[in-house]
Amino acid sequence: VLSYLPGVRPLALVNEGQRLGVDLDVDPGVWRFVPEAVEAGPLLVAGGRSAYRPEFEAFDVKDIESNINRRTTRAALGVRADGTVLLLVATNLTAGELVPLLLDLRAEDALQLDSGGSSTLVAAGRVVNRPAALQRKVATMITYTPN
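Residues numbered from 1 in each chain as written. Predicted model: local features only at pLDDT ≥ 70, side-chain atom pairs only at ≥ 80, totals over all residues. Heavy atoms only, no water.

**Focus: the pairing of strand E5 (residues 107-113)**
Stated formally: Here, a strand pair is defined by DSSP locating no fewer than two bridges between the strands. The helix and strand labels rest on DSSP assignments: H or I over at least four residues marks a helix, E over at least two residues marks a strand, and numbering proceeds from the N terminus.
Bridging between strand E1 (residues 40-46) and E5 involves three bridges; their strand directions are antiparallel. Each bridged residue has a counterpart across the sheet, and for alanine 40 the counterpart in E5 is leucine 113.

Quick look at the structure:
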C-alpha cells in the first residue's frame, strides 16, 4: 500500500511496477499512538496468480538465511474471490512455497505474516501447530470470530 498526503501530487502519477526511491523520516511523536504493529510481507498472491516478487519489496533473495528463504513455520492471510478469509499456518516452508499452497486453496489475494516462533494457530482454545522454532510470546494477534 502506498499512501501519501494530498499535497504530494507526483505520487498519484506512479504506475504499477514502477520502481520508487524512498527516504524515510519518522517523527517519533507520530508513532506514540502505535504501541504495536503486525509485520506482513512479501505479497504472495494477487488476482488469483502468483505475485511473489520479494526483491521488489526489498527482501534479500540471495541470503539463504533471510526471512523469506529460511525453512520455518509460516503464517499467511488470504482472501478468496467470494470473500472467504484464509488464515494459514504451515511448518517447514520457505515464503515462496506458500504460493502454490495458497493457490490450491483458491486464494485471490494473499500475503505472508510474521513467521517463525510467533506463527501459532489456536482453534477452539487449543494450539494446533508446532512452531519450527521456539514458540515466542507475542503481544499482537489476528483473531477471527465467526458470526
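Let's pick the thread back up.
**Observations concerning the nonpolar core**
Using the following cut-off: Put simply, buried Ala, Val, Leu, Ile, Met, Phe, Trp, Tyr and Cys residues joined by side-chain atoms within 4.5 Å make one nonpolar core. Here the term buried applies to any residue with accessible area under 20% of the maximum for its type, exposed to any over 50%, and partly exposed to those in between, with areas from a 1.4 Å probe on protein chains only. Residue contacts are counted whenever heavy atoms from the two residues lie within 4.5 Å of one another.
Counting twelve residues, the largest nonpolar core is built from Leu44, Val45, Ala76, Leu86, Leu88, Ala90, Leu93, Leu98, Val99, Leu102, Ala107 and Ala110. At the level of secondary structure, the elements contributing two or more residues to this core comprise E1, strand E4 (85-93), helix H2 (98-104) and E5. Per-element tally for this core: the top contributor is E4, with four residues. Those residues in contact with alanine 107 that lie beyond four places of it in its chain are Val45, Gly48, Val79, Arg80, Leu86 and Leu102.

**Focus on the environment of arginine 70**
Tracing the backbone shows arginine 70 in the loop between strand E2 (49-50) and strand E3 (72-80). Taking relative accessible area as the criterion, arginine 70 reaches 31% and is therefore assigned partly exposed. Residues arginine 70 and threonine 94, spaced 24 residues apart in sequence, show a C-alpha to C-alpha distance of 5.7 Å. Ignoring any residue separated from it by four or fewer positions in sequence, one finds arginine 70 in contact with Ile64, Glu65, Leu93 and Thr94.

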